[in-house]
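The residues making up each chain are set out below.
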2 protein chains.
Amino acid sequence: MATTLGFRPLYQQVYDLIVSQISDGEYRPGEMLPSEQQLANQLKVSQGTVRKALDTMTSEKILERRQGKGTFVATQTSERSTLRFFGFSDPDGTAIMPQNGEESIKRRKGTAKELLQLDTGGSQDVYEIARTRLIKNKPAIIDKIVVSAKSFQGLTKRSPINTALYTLYQEKYGIHVISTSDEISAIIASKSDAKKIGIEVGAPLLMIQRRTFDIHKKCVEYRTTKVNTQGIIYTARI
Amino acid sequence: MATTLGFRPLYQQVYDLIVSQISDGEYRPGEMLPSEQQLANQLKVSQGTVRKALDTMTSEKILERRQGKGTFVATQTSERSTLRFFGFSDPDGTAIMPQNGEESIKRRKGTAKELLQLDTGGSQDVYEIARTRLIKNKPAIIDKIVVSAKSFQGLTKRSPINTALYTLYQEKYGIHVISTSDEISAIIASKSDAKKIGIEVGAPLLMIQRRTFDIHKKCVEYRTTKVNTQGIIYTARI
DNA sequence: GAGTGGTCTAGACCACGCA
DNA sequence: GCGTGGTCTAGACCACTCT
């Protein structure tokens, strides 16, 4: 069955296998997986063991299960991808979907800090996406997004990026985002910040430094977001 | 076993029962629950069904299970209670534990907004705890904490509060905190803010408006925290 | 009616903690 | 060595979806 050393429970082995099949593209987003019974037969384990693996993946939002239909690889719809972890809302609580504004992408050497945060797999080059985003048609958010150039070949050619970024990562680069970690602070708008989103120098901005992790717990994106929180609220739920 | 209408799965009924026993004080924090087998016999369900309920409660941090020992009602240690949901850290990532500074508690009528957010059960009175907290012996955090007076009888007499608040809620008022929801924005320090934590008027502050929920998903606390993020970072993980 | 996931059971064996 | 939780199995029946 397994050597005692380095033993992993069967259901975790099943979990690992299916995760790697998803990240290898054997099962694509939206696609239906074989039924529990079929998987159990293929893998020579009981249905209960398969279920435990699938249930874990469901709670991690990697899969979606629908009674009477089947088990599906989760898709990142554009709404979900932005709001999935943390999102913006009106003071009255209704969710806000920022629209994309100006955007530029360039390739450059990563700074020491960026390479420390990102899991580049040895490569030194990164893409930097700079963009503004609009709330109610007014610029309110400044994003600087850094990703490994190695993992995102040809990203500059995709500009302007019209879909949500996490959707792009998934569909074009096979990167399945499952978690984020945010560091949040308050800063004063610099001259260039103020110009980009039409506020005075010295106005308060929320700064969010986010690391984004894929299905393998690898850090695939390092993002700095600055938000003018006049009339907007950043929400975190747990 | 159950009428088709209003049916709840057995494991959810078990879950509900144990949750209410914990909140009624039949099982106290730190106490050991009966074994799976004993519970199964008492409740006339299979061990697997009990396990599913206990596993859910474990993932919600209501219980802790230790192989070979037993299942225990979770306790809020003072470190965990502050850092459990979101916490403060140095720019280099090490966690910071703020110390309590000045504190005052008063009883008053709740504002419309507070009564809307809080689950007061009809009562109009609230306690407001105003306090500052120190980072590296310097005032850096301003808290305003509002709770229902009905649920927290005699709170003024407990001042100054030396333990972590969530620990107090649990030990003295039988309120078991299990989740929070934060709204975050950036503001400019007012004159009174500036005075309290020794910064200039107009400096940027992070403002966190938090609702805290107990084991019954009831909102038991509405808290406004203002943080001077010079040299401190507020961290959120998901 | 056939196929899917959802619930529930009964029983086996393993790994851990402790006396 | 005993009691605990952790893993795994095999099989039953239910509820939902689609044809």
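Residues numbered from 1 in each chain as written. Chains lettered and ligands numbered in written order. Predicted model: local features only at pLDDT ≥ 70, side-chain atom pairs only at ≥ 80, totals over all residues. Heavy atoms only, no water.

Novice: Could you give an account of the packing of aromatic side chains, with specific residues and numbers?
Specialist: Two descriptors summarise a pair of aromatic rings, namely the distance from one centre to the other and the angle between the planes of the rings. Counting across every chain of the model gives six aromatic pairs over all chains. When the ring of F152(B) is compared with that of Y173(B), the centres are 4.8 Å apart and the planes differ by 55 degrees; the resulting orientation is tilted. Here F152(B) is found in the loop between strand 7 (138–148) and helix 6 (165–173), whereas its partner Y173(B) is found in helix 6, with 21 residues between them in sequence. Neither F152(B) nor Y173(B) differs from the other in exposure class; each is buried. By way of ring pairs, the aromatic residues F152(A), Y166(A), Y169(A) and Y173(A) are connected into one cluster. (Phe/Tyr/Trp six-rings, centres within 6.5 Å; stacked < 30°, edge-to-face > 60°. Helix = DSSP H or I, 4+ residues; strand = E, 2+ residues; numbered from the N terminus. Buried < 20%, exposed > 50% of the residue type's maximum accessible area, 1.4 Å probe, protein only.)

Novice: Which residues make up unusual backbone geometry, and what values do they have?
Specialist: Most peptide bonds take the trans form, and the phi angle of most residues other than glycine is negative. For K136(A), which is not glycine, the phi dihedral falls at a positive 50 degrees. In this fold, K136(A) is placed in the loop between strand 6 (125–135) and strand 7 (138–148). Residue K136(A) is classed as exposed on the basis of its relative accessible area, which comes to 59%. With a phi close to 65 degrees, N137(B) is a non-glycine residue in the positive phi region. Mapped onto the secondary structure, N137(B) falls in the loop between strand 6 (125–135) and strand 7.

Novice: Quick rundown of the environment of V220(B)? Include the residues and the values.
Specialist: Residues and elements named next belong to chain B. In this structure, V220 sits in strand 10 (residues 219–227). With relative accessibility at 6%, the residue V220 sits in the buried group. Here V220 is in contact with L118, V146, V147, F152, I175, T212 and D214, once residues within four sequence places are set aside. (Contact = heavy atoms within 4.5 Å.)

Novice: Give me the nonpolar core: which residues, what numbers.
Specialist: In terms of nonpolar packing, the biggest core is built from 24 residues, with L206(A) and L206(B) touching the most fellow members. For this core, the elements supplying multiple residues, two or more each, are strand 7, strand 8 (177–188) and strand 9 (204–214) of chain A together with strand 7, strand 8 (177–188) and strand 9 (204–214) of chain B. Ignoring any residue separated from it by four or fewer positions in sequence, one finds L206(B) in contact with I184(A), S185(A), A186(A), L206(A), I184(B), S185(B), T225(B), K226(B), V227(B), T229(B) and Y234(B). (Core = buried A, V, L, I, M, F, W, Y, C linked by side-chain atoms within 4.5 Å.)

Novice: Which residues make up the protein's contact with DNA strand C, and what are the values?
Specialist: Around DNA strand C there are 20 residues in total, and L10(B), Y11(B), S46(B), T49(B) and Q67(B) lie nearest to it. Sugar and phosphate atoms constitute 77% of the interface atoms of DNA strand C, taking the interface as everything within 4 Å of the protein. Take G68(A): an N or O atom from its main chain is 3.0 Å from a base nitrogen of DNA strand C. K69(B) is positioned with one of its side-chain polar atoms (N or O) 3.3 Å from a phosphate oxygen of DNA strand C. Those elements that place two or more of their residues in the surface near DNA strand C are strand 1 (63–66) and strand 2 (70–73) of chain A together with helix 1 (10–23) and helix 3 (47–59) of chain B. The residue inventory of the surface near DNA strand C, partitioned by class, reads four nonpolar, nine polar and seven charged. (Near = heavy atom within 4 Å. Polar contact = N/O pair within 3.5 Å; in protein donor to acceptor, adjacent residues only side chain to side chain. Nonpolar A, V, L, I, M, F, W, Y, C, P; charged D, E, K, R; others polar.)

Novice: Any chance you could break down the side chain of T132(A) for me, citing the residues and the numbers?
Specialist: Inspection of the secondary structure puts T132(A) in strand 6. Every residue in contact with T132(A), bar those within four places of it in the chain, is listed here: Q99(A), N100(A), G101(A), E102(A), I141(A) and K196(A).

Novice: Describe the domain arrangement of chain A, naming the residues involved and giving the relevant values.
Specialist: How large an interface is tends to be reported as the accessible area lost when its parts come together. Residues and elements named next belong to chain A. Partitioning chain A into structural domains gives domain 1 (10–73) and domain 2 (78–236). Using C-alpha coordinates to define each centre, domain 1 is positioned 31 Å away from domain 2. For the pair domain 1 and domain 2, the summed buried surface comes to about 780 Å²; carbon and sulfur atoms form 55% of the total. Scanning the region where domain 1 abuts domain 2 turns up zero salt bridges. Summed over the shared surface of domain 1 and domain 2, the number is one residue pair in polar contact (both at pLDDT 80 or more). Of the residues forming the side of domain 1 that touches domain 2, the biggest block, four residues, is contributed by helix 1 (residues 10–23). Its residues assigned to classes, the side of domain 1 that touches domain 2 comprises six nonpolar, one polar and four charged. (Domains from an automatic or database assignment. Buried area = accessible area lost by both parts, 1.4 Å probe. Salt bridge = Lys/Arg side-chain N within 4 Å of Asp/Glu carboxyl O.)

Novice: Before we move on, can you summarise the protein's contact with DNA strand D with the specific residues and values?
Specialist: The full set close to DNA strand D counts 20 residues, and L10(A), Y11(A), S46(A), T49(A) and G68(B) are the nearest of them. Per the 4 Å cut-off to the protein, sugar and phosphate atoms form 76% of the nearby atoms of DNA strand D. The contact in question runs from a phosphate oxygen of DNA strand D to an N or O atom on the side chain of R65(B), over 3.2 Å. Elements with a minimum of two residues in the surface near DNA strand D: helix 1 and helix 3 (47–59) of chain A together with strand 1 (63–66) and strand 2 (70–73) of chain B. For the surface near DNA strand D, the residue count by class is four nonpolar, nine polar and seven charged.

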